Amino acid sequence: MKLRRVGSEHIAAVGQGTWNIEASSRQQVVNAIRRGLDAGMNHIDTAEMYGSGEAERIVGEAIAGRRQQVFLVSKVLPSNASREGTVQACERSLQNLQTDHLDCYLLHWRGRYPLAETIAAFEQLQGAGKIRSWGVSNFDTPDLDEALAVAGPGRIDCNQVLYHLQERAIEHSVIPWCEGHGVAVVAYSPFGSGQFPKPASAGGKVLNRIAEAHGATVRQVALAFLLRYPSLLTIPKASGAGHAVENAAAADLTLTPSEIVQIEAAFPRGRKPRSLPMI
Ligand code: NAP
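All values derive from a computational prediction rather than experimental measurement. (Residues numbered from 1 in each chain as written. Predicted model: local features only at pLDDT ≥ 70, side-chain atom pairs only at ≥ 80, totals over all residues. Heavy atoms only, no water.)

*Asks:* How would you sum up the site of the ligand? Please name residues and give values.
*Replies:* Inspection of the region around the ligand gives 26 residues, with Asp-45, Phe-191, Ser-193, Ser-239 and His-243 positioned closest. Between Gly-192 and the ligand, the recorded distance is 3.4 Å, taken from a backbone N or O atom to an oxygen atom. With respect to the ligand, the side chain of Lys-237 contributes an N or O atom lying 2.9 Å from an oxygen atom. When the ligand sits alone it has 910 Å² of accessible area, and the protein chains cover 88% of it. (Near = heavy atom within 4 Å. Polar contact = N/O pair within 3.5 Å; in protein donor to acceptor, adjacent residues only side chain to side chain. Areas by Shrake-Rupley, 256 points an atom, 1.4 Å probe, with all protein chains shown as cover.)

*Asks:* Give me the packing of aromatic side chains: which residues, what numbers.
*Replies:* Scanning the entire structure with this criterion turns up four aromatic pairs. Put simply, the rings of Tyr-105, Phe-122 and Trp-134 pair up and form one aromatic cluster. Cation over ring: Arg-219 sits above Phe-191, and NZ or CZ is 4.8 Å from the ring centre. (Phe/Tyr/Trp six-rings, centres within 6.5 Å; stacked < 30°, edge-to-face > 60°. Lys NZ or Arg CZ within 6 Å of the ring centre and 35° of its normal.)

*Asks:* Kindly report on the pairing of strand 6 (residues 134–137), identifying the contributing residues and their values.
*Replies:* Here strand 6 shows no split at all, with Trp-134 and Val-136 on one side and Gly-135 and Ser-137 on the other all buried. Across three bridges, strand 5 (residues 104–107) lies against strand 6 in parallel orientation. Note on strand 6: the bridge partner recorded for Leu-106 is Gly-135. Remark: the strand 5/helix 4 (residues 115–127)/strand 6 crossover connection has right-handed handedness. Traced from strand 6 through helix 5 (residues 141–151) to strand 7 (residues 156–162), the parallel crossover comes out right-handed. (Buried < 20%, exposed > 50% of the residue type's maximum accessible area, 1.4 Å probe, protein only. Helix = DSSP H or I, 4+ residues; strand = E, 2+ residues; numbered from the N terminus. Pairing = 2+ DSSP bridges. Right-handed = clockwise from strand over helix to strand, strands pointing away.)

*Asks:* Explain the packing of helix 4 against helix 5 to me, and be specific about the residues and the numbers.
*Replies:* Following both chains from N to C, one finds helix 4 and helix 5 inclined at 55°, their axes separated by 10 Å at the closest point. If you check the angle between helix 4 and helix 5, you find them oblique. By crossing handedness, the relation of helix 4 to helix 5 is classed as right-handed. Between helix 4 and helix 5, the residues in contact are Leu-115, Ala-116 and Ile-119 and Asp-143, Glu-146, Ala-147, Val-150 and Ala-151, respectively. Of the residues assigned to the contact of helix 4 with helix 5, the class counts are six nonpolar, no polar and two charged. (Axes fitted to C-alpha atoms, helices over the stretch in contact; angles between N-to-C directions. Parallel < 35°, antiparallel > 145°, perpendicular 65-115°, else oblique. Left-handed = near helix turned anticlockwise from the far one by under 90°. Contact = heavy atoms within 4.5 Å. Nonpolar A, V, L, I, M, F, W, Y, C, P; charged D, E, K, R; others polar.)

*Asks:* Please set out the nonpolar core residue by residue, giving values where relevant.
*Replies:* Generally speaking, nonpolar side chains in soluble globular proteins are found buried as a group. In terms of nonpolar packing, the biggest core is built from 78 residues, with Tyr-105, Leu-232, Leu-255 and Ile-263 touching the most fellow members. Sorting elements by how many residues they give to this core places helix 8 (residues 218–226) first, with six residues. When residues no more than four places from it in sequence are discounted, the contact partners of Tyr-105 are Ser-74, Lys-75, Val-76, Thr-86, Ala-89, Cys-90, Phe-122, Leu-125, Ile-131, Ser-133, Trp-134 and Gly-135. Membership of the second largest hydrophobic core comes to 13 residues, among which are Val-6, Leu-106, Cys-158 and Leu-162. (Core = buried A, V, L, I, M, F, W, Y, C linked by side-chain atoms within 4.5 Å.)

Purely geometric stuff here, so don't read any function into it on its own.
If you want it as structure tokens, here you go:
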């Protein structure tokens, strides 16, 4: 498994998302997460929002007895992200996850509370050993500038943002900003959250041709394309063990420069949007 740096840690380039896992059979999802861990996907991403805590509870069950293997990430909702509310939300997440610390705690997206409040809470939680590091999510460059001004350099470990073949907006300025400041980029919804290119589409055919050349799958090609940036990690969600194992193997696939050019042409980056897309 290819590793990528997040703060002072090196963790799996391909990790595991958990949005909507509570919609599938609990046993199947617990098994998928465990098989994903066996395959090296030690980065598990969850949030208090997902299933109103149910996704965290399922993750807690899946990692019971294996906590030390996991780089565990959860997120505070913006509506809870006051100084006091963030600390309380973290305590609830720890309870749901049946653990005494998170490896990284993120602000899910910007809301009404001043960043200084949320960041002060993150620093307090880190000082108390409840979180090992913190980061942000859905932050465009002006938000990142503001967070950097509040926190100082070297404090923001990652920015989790939307990135897939058909949504390449972060390439314009978010990735360069993060690379320039040592902030890991975590690509969420790497398969377009259910909008993966159809096999018969022009782009789908390009993916298929490249996949065949490597004896790989089109999903693996899609993940390998995102991972061409050395600062980048990704967190596909899989609710079955087969998908989890397939996704893990994508970390070992390296595309040639010519294949990358073909994929870039099939899924053009487009112009820089006014605001950062998110879902
Ligand atoms: P995604 O990972 O882009 O796509 C998930 C879909 O792809 C599911 O339908 C899944 O099906 C399918 N899939 C997964 N592996 C597959 C494979 N190998 N072959 C075929 N289909 C496969 O969607 P996402 O859940 O939106 O994003 C991933 C994670 O990012 C989330 O779970 C969450 O942790 C995080 N996220 C963060 C934010 C944020 O605001 N920070 C927003 C959205 C998502 P099965 O379930 O049947 O396997």
